[in-house]
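Each chain, letter by letter, is given below.
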Amino acid sequence: MNRAIQLHNHPFKFLLYLEWGLLAMAIASAFDSPPVRSMGPPLRRVMRARPPLTGWYHSPIVVVIALVLFGLLGLYLPTRKLPKLGHTLGQVLMILLLSAAVLNDGRTFPFVYLVLVNRGCLMYGLAGRLMITGTAFVLFVVGLLLRLRLVMGLGRRLPPEARDRLRQIIMSLQLNFVVLFGLALLLVVVLINALLTERQSQKRLQQANLTLRQSAQEIEKLAMDQERNRIARDIHDSLGHSLTALNIQLESAIKLWEKDHQKAQTFLGNAKRLGTQSLQEVRSSVAALRQDQLAGKTLEEAIDLLVQDIQSNSSQQIKVNSTIHIAQPLPNPLKVLLYRVVQEGITNILKHAAARQVRLQLVSSRQIAALTLEDDGKGFDVSQARAGYGLQSMRDRAEAVGGTFVISSGSQGTSLQISVPIERNR
């Protein structure tokens, strides 16, 4: 924590309210000094025989002022090295002044030492917390010894039997009180350390979640940009080429219409074929731009519709044999990924493979979903096609979810295999 700890940014305000409650109890007890006449006759004679301690610092007003100043110090806890050392020294001076003020009647305020440890835990690291705890314990024990020694001095005026009994009681109370107070300090340190550790863990978790959300948004944006670039490239490479060829065919038909009607009709027929092909490519690009191809459909239904659409609208005579067996519902991101891979794979086959048959197999178990695409086309040199956008897009999709991408090709056709883990992506 780099900023100073104040009321508006206090990490545990209930601890601050607890401090105020303890200090309020201490202030109330400052005016609760038992009068001499309420004591028993032996002790009353001893108290009257003891010369009273006088001075301005033995007044209850001084006790109240010291407690109020000590409480105000808790409203601002610095976190830089020199300011927090000065702040801690100021708290210790307030405790010493308070101890001197109540030394007259033998009282002590153990609450202020607990508050000191509480504030030290908020300002310092582990080493500093232990030093503050040790200092508070030493101050308390020294103050307690002074007060018990004062009571022992008063006991000298008592009869021998009563004096011995008083000494035994004081020694027992001293040992028990010191042990209990030490355990209380240890409990405070452990409690606040646990609270601070939990708070830091929550902060780290929140930061990790924020980073994860930002990364997911960046990945999603990158995927969208890649998809747009792919579609733009497809339109440029395929649709642009088809429209250019269509324009050439129409220009040739116009020039030959008056001279050679038969040849002009041939060019018009080619133009009609190119127009149909361009229309199909436009439909494919529009279908790729749809936000959710799987809306309201299972993965099997979406792939079946995709295959039917390809077979009905393609100018090539191609047969797709699909086998889909999914053991349990897949996470939606994997469903979209597998659909896109099937779409991209079949599109590449139509464009480049000159294949007649395609075998599509999709099977899944509890751990893995495996997709296989095979065609009987002319094949290609895999080593020369690694930079191809379609293949790279499918590879990136699979590896982004921890999957594998394997492709092999030869004169008998091409085989593409993708395997993705399921549990990791739920």
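1. Quick notes on the nonpolar core
Residues V63, F70 and V112 are the most contacted members of the largest nonpolar core, which totals 44 residues. The set of elements that each furnish at least two residues to this core consists of α1 (13-30), α3 (60-73), α4 (81-101), α5 (110-123), α6 (126-154) and α7 (160-256). The greatest single-element share of this core, amounting to nine residues, is contributed by α5. In contact with V63, not counting residues within four places along its chain, are A30, L98, A101, V102 and F109. In this structure, I310, I318, I349 and A369 belong to the second largest nonpolar core, which totals 38 residues.

2. Quick word on the pairing of strand β4 (residues 357-364)
Of the two faces of β4, the one lined by V358, L360, L362 and S364 is fully buried and the one lined by Q357, R359, Q361 and V363 carries no buried residue. Bridge analysis of strand β3 (residues 319-326) against β4 gives eight bridges, and the strand direction is parallel. Counterpart to I324 in the pairing with β4 is L362. Handedness of the crossover joining β3 and β4 through helix α10 (residues 332-353) is recorded here as left-handed. As judged from the seven bridges shared by β4 and strand β5 (residues 368-375), these two strands associate in the antiparallel manner. Within β5, the position partnered with R359 by the bridge is E374. Following β4, the chain reverses through three residues before pairing antiparallel with β5.

3. Looking at the packing of α1 against α5
Here α1 crosses α5 at 160 degrees, and the two axes come no closer than 10 Å. As the angle between them shows, α1 and α5 are arranged roughly antiparallel. Crossing of α1 against α5: the hand is left-handed. Contact with α1, carried on its side by L15, E19, L22, L23 and M25, involves F111, V112, V115, N118 and R119 of α5 and no other residues of that element. In terms of residue class, the contact of α1 with α5 is made up of seven nonpolar, one polar and two charged.

4. Comments concerning the pattern of salt bridges
Taken as a whole and assessed by the stated rule, the structure comprises two salt bridges. For E19, the salt bridge identified is with R119, shortest N-O distance 3.2 Å. With E19 in helix α1 and R119 in helix α5, this residue pair connects regions lying 100 residues apart in the sequence. According to the relative accessible area criterion, E19 is buried, its value standing at 3%. A salt bridge links E374 to R359, with the nearest nitrogen and oxygen atoms 3.0 Å apart. Here R359 lies in strand β4 and E374 lies in strand β5, a separation of 15 residues in the sequence. Taking relative accessible area as the criterion, E374 reaches 27% and is therefore assigned partly exposed. R359 sits in the partly exposed class, given a relative accessible area of 34%.

5. Concerning the packing of aromatic side chains
Summed over all chains, the structure comprises six aromatic pairs. Aromatic ring contacts, followed pair by pair, group Y113, F140, F177 and F181 into a single cluster.

6. Looking at the environment of A369
Residue placement: A369 occurs in strand β5. According to the relative accessible area criterion, A369 is buried, its value standing at 0%. Residues A369 and L334, 35 residues apart in the sequence, show an inter-C-alpha distance of 8.8 Å. Excluding residues that lie within four positions of it along the chain, A369 makes contacts with L338, V363, S364, I418, S419, V420 and I422.

7. Concerning the confidence of the model for the protein
Mean pLDDT over the protein works out to 79, with 80% of the residues at or above the 70 mark. Scored below 50 in pLDDT, residues 34-56 makes 18 contacts in the model with residues more than four places away or belonging to other chains.

8. Some remarks on the environment of I65
Among the secondary structure elements, I65 is positioned in helix α3. Taking relative accessible area as the criterion, I65 reaches 47% and is therefore assigned partly exposed. Between the C-alpha atoms of I65 and L98, which are 33 residues apart in sequence, the distance is 9.0 Å.

9. Quick notes on unusual backbone geometry
Even without being glycine, A354 reaches a positive phi, approximately 55 degrees. Inspection of the secondary structure puts A354 in the loop between α10 and β4.

10. So, α10
Over its 22 residues, α10 runs 30 Å from end to end, which matches the ideal 32 Å to within 8%, given 1.5 Å per residue. For α10, a buried count of 16 out of 22 residues is recorded, marking the element as mostly surrounded by other parts of the structure. Immediately beyond the C-terminal end of α10, within one or two residues, lies A354, with a positive phi of roughly 55 degrees.

11. Some words on the pairing of strand β6 (residues 404-410)
Regular strands have side chains that alternate between both faces of the sheet. Where β6 and strand β7 (residues 413-421) come together, seven bridges link them in antiparallel fashion. Residue pairing in the sheet places S408 in a bridge with S415 of β7. Remark: two residues form the turn of the hairpin made by β6 and β7, two consecutive strands paired antiparallel.

12. Some thoughts on the sheet that holds β5
Ordered by their spatial adjacency, five strands build an open sheet running β3-β4-β5-β7-β6, and the pairing between neighbours is mixed. The open sheet has two free edges, formed respectively by β3 and β6, since each of these has just one partner strand. Between one strand axis and the next, the sheet turns by 5 degrees as a mean value, whatever way the strands run.

What counts and how
Residues numbered from 1 in each chain as written. Predicted model: local features only at pLDDT ≥ 70, side-chain atom pairs only at ≥ 80, totals over all residues. Heavy atoms only, no water. Core = buried A, V, L, I, M, F, W, Y, C linked by side-chain atoms within 4.5 Å. Buried < 20%, exposed > 50% of the residue type's maximum accessible area, 1.4 Å probe, protein only. Helix = DSSP H or I, 4+ residues; strand = E, 2+ residues; numbered from the N terminus. Contact = heavy atoms within 4.5 Å. Pairing = 2+ DSSP bridges. Right-handed = clockwise from strand over helix to strand, strands pointing away. Axes fitted to C-alpha atoms, helices over the stretch in contact; angles between N-to-C directions. Parallel < 35°, antiparallel > 145°, perpendicular 65-115°, else oblique. Left-handed = near helix turned anticlockwise from the far one by under 90°. Nonpolar A, V, L, I, M, F, W, Y, C, P; charged D, E, K, R; others polar. Salt bridge = Lys/Arg side-chain N within 4 Å of Asp/Glu carboxyl O. Phe/Tyr/Trp six-rings, centres within 6.5 Å; stacked < 30°, edge-to-face > 60°. pLDDT = per-residue confidence, 0-100. Expected span 1.5 Å × (residues − 1).

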